[in-house]
Amino acid sequence: MGQVIDKTYNGLKVPEGETIKFENGRPVTPNKPIIPFIEGDGTGRDIWKASKLVFDAAVEKAYGGKRSVAWFEVFAGEKANNEFKEWLPKETLDALKEFGVGIKGPLTTPVGGGIRSLNVTLRQVFDLYACVRPVRYFQGVPSPVVAPEKLDVVIYRENTEDVYAGIEFPASSPEAKKLIEVLHSIAPEKHIRPDAGIGIKPVSKTGSQRLIRRAIQYAIEHKKPSVTLMHKGNIMKFTEGAFRDWGYQLAAEEFANQTISEEKIWDEHDGKVPAGKVLIKDRIADSMFQQILTRPDEYSVIATTNLNGDYLSDACAAQVGGLGIAPGANIGDNCAIFEATHGTAPKYADKDVINPGSVILSGVLMFEYLGWQEAADRIIQGFAKTIQQKKVTYDLERLMSGATKVKTSEFAKHIIENMG
Ligand code: NAP
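What comes next concerns the included structure.

Thresholds applied
- Residues numbered from 1 in each chain as written.
- Predicted model: local features only at pLDDT ≥ 70, side-chain atom pairs only at ≥ 80, totals over all residues.
- Heavy atoms only, no water.
- Helix = DSSP H or I, 4+ residues; strand = E, 2+ residues; numbered from the N terminus.
- Polar contact = N/O pair within 3.5 Å; in protein donor to acceptor, adjacent residues only side chain to side chain.
- Contact = heavy atoms within 4.5 Å.
- Buried < 20%, exposed > 50% of the residue type's maximum accessible area, 1.4 Å probe, protein only.
- Pairing = 2+ DSSP bridges.
- Right-handed = clockwise from strand over helix to strand, strands pointing away.
- Axes fitted to C-alpha atoms, helices over the stretch in contact; angles between N-to-C directions.
- Parallel < 35°, antiparallel > 145°, perpendicular 65-115°, else oblique.
- Nonpolar A, V, L, I, M, F, W, Y, C, P; charged D, E, K, R; others polar.

### Focus on the side chain of N159
Now for step 1: Residue placement: N159 occurs in the loop between β9 (152-158) and β10 (168-169).
Now for step 2: A polar contact of 3.0 Å, which involves the side chain of N159, links it to the backbone oxygen of L128.
Now for step 3: Only 2.7 Å separates the side chain of N159 from the side chain of N330, close enough to count as a polar contact.
Now for step 4: In this structure N159 touches R123, L128, Y129, A130, C131, N306 and N330, once residues within four positions along its chain are discounted.

Here you go:
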């Protein structure tokens, strides 16, 4: 199985395996894909060891040797800087480009020295425009709400535009002054104070629709009931409001047979969604934050602009008590990187105590993305059962009554035993 690719990256030989190809922005997964991994800094080392055990066991149990992953280490962060005197070596980017799908632990963001965040750089280099954050409850995890199990959403957050695009100029700078001048000349009725800092919020049709397309495709493929377009279009009509309009337009043009808008179900179907159709609806951002608390089971896939998505992802994760175990992915048309959403928690590094849940569940997301649903299901089964048995790492143990504190490596072993 696999083929020999006679190449090295960062001095390491590529393992025997096959390259994942992309067709129409989707991966075509061979039986032995080569998947680059970045171990991550600090606790990343403990987390990766545990996660790899879980991933390999799930694939073995699901496919009995017919499929396997050829893991290939690539370097970024402190480890790369120590070995190659670079935080993000070019050969790491080359390997990710060649093999397409990667998974990473948390990376230290170097402070000062003009080094950009490595995570942001990866997103920009590979145009990873969809930030995907599934949020669901695992029975037994302490939560601040009464019925956390009612929340089960997948948030598709646009990753490249909005005020996050970083187009910002400080108050009184020549750039800010110039922009104020231009704005006053084209809209004299809008007064901007001369000492205002200026940030720009671009939201394009292209950027919005490619994100919403992925969200709708995901909902159709995973038989999810609805896609909600979350926006603040009542105030920002040509950015947030346009995001909503472009979403409805896309659904009508490209997914007319598989989707139906909320307006139509009231006009034509007495408020009921016809069988097999995904409901497309929209909610204003502030109301979304209320509803996700008061009526969480009415939401499933949520597509939104960058800043809204940032806030909503963490608010939802907090609701199920899972900030420390929340998985994430950044997906583009030719590359996808799955990652921990927490940082490197350096004080726990190499102590075998940290919770590896975020990377393990990011692996679930990765296997689903690759079409290896059976492996993903095994991990979820093992993970959920281990939490139910209250065998958990320190962070959850301190919040759960009657729980047994286990090490990172032991947690992984229990997940594997519980896979069935
Ligand atoms: P952090 O590493 O997320 O850690 C903050 C606290 O969160 C930890 O002390 C720990 O709390 C808890 N925590 C984080 N991960 C955990 C896990 N897997 N299991 C259990 N508890 C966990 O945040 P930080 O200290 O602000 O950042 C440290 C470094 O990480 C910085 O260099 C930062 O730039 C980087 N960072 C990277 C990413 C990324 O790569 N995606 C994201 C955020 C930050 P307790 O001490 O209360 O147990």
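### Section: the pairing of strand β6 (residues 70-73)
Now for step 1: Burial of β6 is two-sided: the residues A70 and F72 facing one way and the residues W71 and E73 facing the other way are all buried.
Now for step 2: Strand direction decides the pairing type here: strand β5 (residues 34-38) and β6, joined by 4 bridges, are parallel. Bridging across to β6, P36 finds its partner in F72.
Now for step 3: With helix α1 (residues 44-63) bridging β5 and its parallel neighbour β6, the resulting β-α-β unit is right-handed.

### Side note on the packing of α1 against helix α14 (residues 408-417)
Now for step 1: Where α1 contacts α14, the two axes come as close as 9 Å, and the packing angle between them is 10°. Between α1 and α14, the angle falls in the class roughly parallel. Mapping the contact onto sequence places D46, A50, L53, V54, A57 and K61 in α1 and T408, A412, I415 and I416 in α14.
Now for step 2: Considered class by class, the residues forming the contact of α1 with α14 number 7 nonpolar, 1 polar and 2 charged.

### Looking at unusual backbone geometry
Now for step 1: With a phi angle near 60°, D350 is a residue other than glycine that sits in the positive phi range.
Now for step 2: Mapped onto the elements, D350 comes out in the loop between β17 (336-340) and α11 (357-370).
Now for step 3: Even without being glycine, K390 reaches a positive phi, approximately 60°.
Now for step 4: Mapped onto the fold, K390 is located in the loop between α12 (373-388) and β18 (391-392).
Now for step 5: Classification of K390 as partly exposed rests on a relative accessible area of 30%.

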